[in-house]
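# Structural overview
What follows is each chain in one-letter form.
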Amino acid sequence: MEVKIELTGQVMTAYLSGEIDHHSIRPVREEIDRFAEGAIPKLLLLDFTDVTFMDSSGIGLVMGRYKLLKSMGGEVKVTNPTPHIKKVMHLAGLDRLAVIEDKEGKS
């Protein structure tokens, strides 16, 4: 699991890649949080384009970043999840916390 982070104005984008599981999530979560705490973005985009697998750790990743950004007055948007990951996110209720937008731009 890797993350590449970019900041454009008040929009922070975290490009996630690989497998999101309980073995790999901690350093990624810490890197996103550290960057967000320094930048204080208004919007955090979690880009799932290159995520090949996600267990419940991915749900925790989104929920935790939602709480962090909300405390800063910002919001979270999930972009480009695979159909399977998008379905898991909807079943977990993440669509009540963050917009989940697939590759076609559909929520």
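Everything below is about the structure printed above this text.
What comes next concerns the included structure. (Residues numbered from 1 in each chain as written. Predicted model: local features only at pLDDT ≥ 70, side-chain atom pairs only at ≥ 80, totals over all residues. Heavy atoms only, no water.)

## Observations concerning the pattern of salt bridges
Note the threshold: Only one rule defines a salt bridge in this text: a Lys or Arg side-chain nitrogen within 4 Å of an Asp or Glu carboxyl oxygen. Numbered from the N terminus, helices here are DSSP runs of H or I no shorter than four residues, and strands are runs of E no shorter than two. Type-normalised accessible area, obtained with a 1.4 Å probe on protein chains alone, sets the label of each residue: buried when under 20%, exposed when over 50%, and partly exposed for intermediate values.
Per the stated rule, a full pass over the model turns up 5 salt bridges. Among the salt bridges present, the one from aspartate 33 reaches arginine 65, with a minimum N-O distance of 2.5 Å. Of this pair, aspartate 33 sits in helix H1 (residues 25–39) while arginine 65 sits in helix H2 (residues 56–71), and the two are 32 residues apart along the sequence. Across the pair, arginine 65 and aspartate 33 agree in class, each one buried. With a shortest N-O distance of 3.0 Å, lysine 86 and aspartate 102 are connected by a salt bridge. Of this pair, lysine 86 sits in helix H3 (residues 83–91) while aspartate 102 sits in the segment after strand E5 (99–101), and the two are 16 residues apart along the sequence. Residues lysine 86 and aspartate 102 agree in their burial class; the two are buried.

## Concerning the sheet that holds strand E2 (residues 11–20)
Heads up, the condition is: Only strands joined by at least two bridges in the DSSP assignment are considered to pair. Throughout, an axis means a line fitted to C-alpha atoms (over the contacting stretch in the case of helices), and angles, computed between N-to-C directions, take values from 0 to 180 degrees.
Within the open sheet, the 5 strands sit side by side as E1-E2-E3-E4-E5. Their pairing is mixed. At either margin of the open sheet sits one strand with a lone partner, and together these are strand E1 (2–8) and E5. Each strand of the sheet is rotated relative to its neighbour by a mean of 20 degrees, with strand direction disregarded. One ladder, built from 7 bridges, connects E1 with E2; its direction is antiparallel.

## Considerations on the pairing of E2
Put simply, the test is: A right-handed crossover is one whose linking path, passing over the helix from the first strand to the second, runs clockwise when the strands point away from the viewer.
Where E1 folds back onto E2 in an antiparallel hairpin, the turn is made up of 2 residues, including glycine 9, whose phi is positive at roughly 65 degrees. Note: E2 against strand E3 (residues 43–54), 9 bridges, orientation parallel. Each residue of the ladder has a partner; that of serine 17, found in E3, is aspartate 50. Viewed along the sheet, the connection from E2 through H1 into E3 turns out right-handed.

## Digging into the nonpolar core
The cut-off we apply is this: Only buried Ala, Val, Leu, Ile, Met, Phe, Trp, Tyr and Cys residues count toward a nonpolar core, and they belong to the same one when joined by side-chain atoms within 4.5 Å.
Judged by nonpolar contacts, the single largest core of 28 residues is most densely connected at Leu16, Ile32, Leu44, Leu46, Phe48 and Met89. Elements with a minimum of two residues in this core: E1, E2, H1, E3, H2, strand E4 (75–79) and H3.

## Thoughts on the pairing of E3
Sheet topology places E3 next to E4; 5 bridges connect them, and they run parallel. Residue pairing across strands places leucine 44 opposite valine 76, the latter belonging to E4. Handedness of the crossover joining E3 and E4 through H2: right-handed.

## Side note on H1
Stated precisely, the cut-off is as follows: By this rule, a helix spans an expected 1.5 Å times one less than how many residues it contains. When we speak of the arc, we mean the arc of directions from the helix axis to the C-beta atoms. When checking whether two residues touch, look at their non-hydrogen atoms; a contact exists if any pair is within 4.5 Å.
The terminal C-alpha atoms of H1, which comprises 15 residues, lie 21 Å apart, in line with the 21 Å expected from a rise of 1.5 Å per residue. What H1 keeps buried is the set Ile25, Val28, Ile32, Asp33 and Ala36. Down the axis of H1, the sector holding all buried residues measures 130 degrees, keeping them to one side. With respect to the buried face of H1, the exposed residues turned more than 90 degrees away are Arg26, Arg34 and Gly38. Considering only its buried residues, H1 is in contact with E1, E2, E3 and H2.

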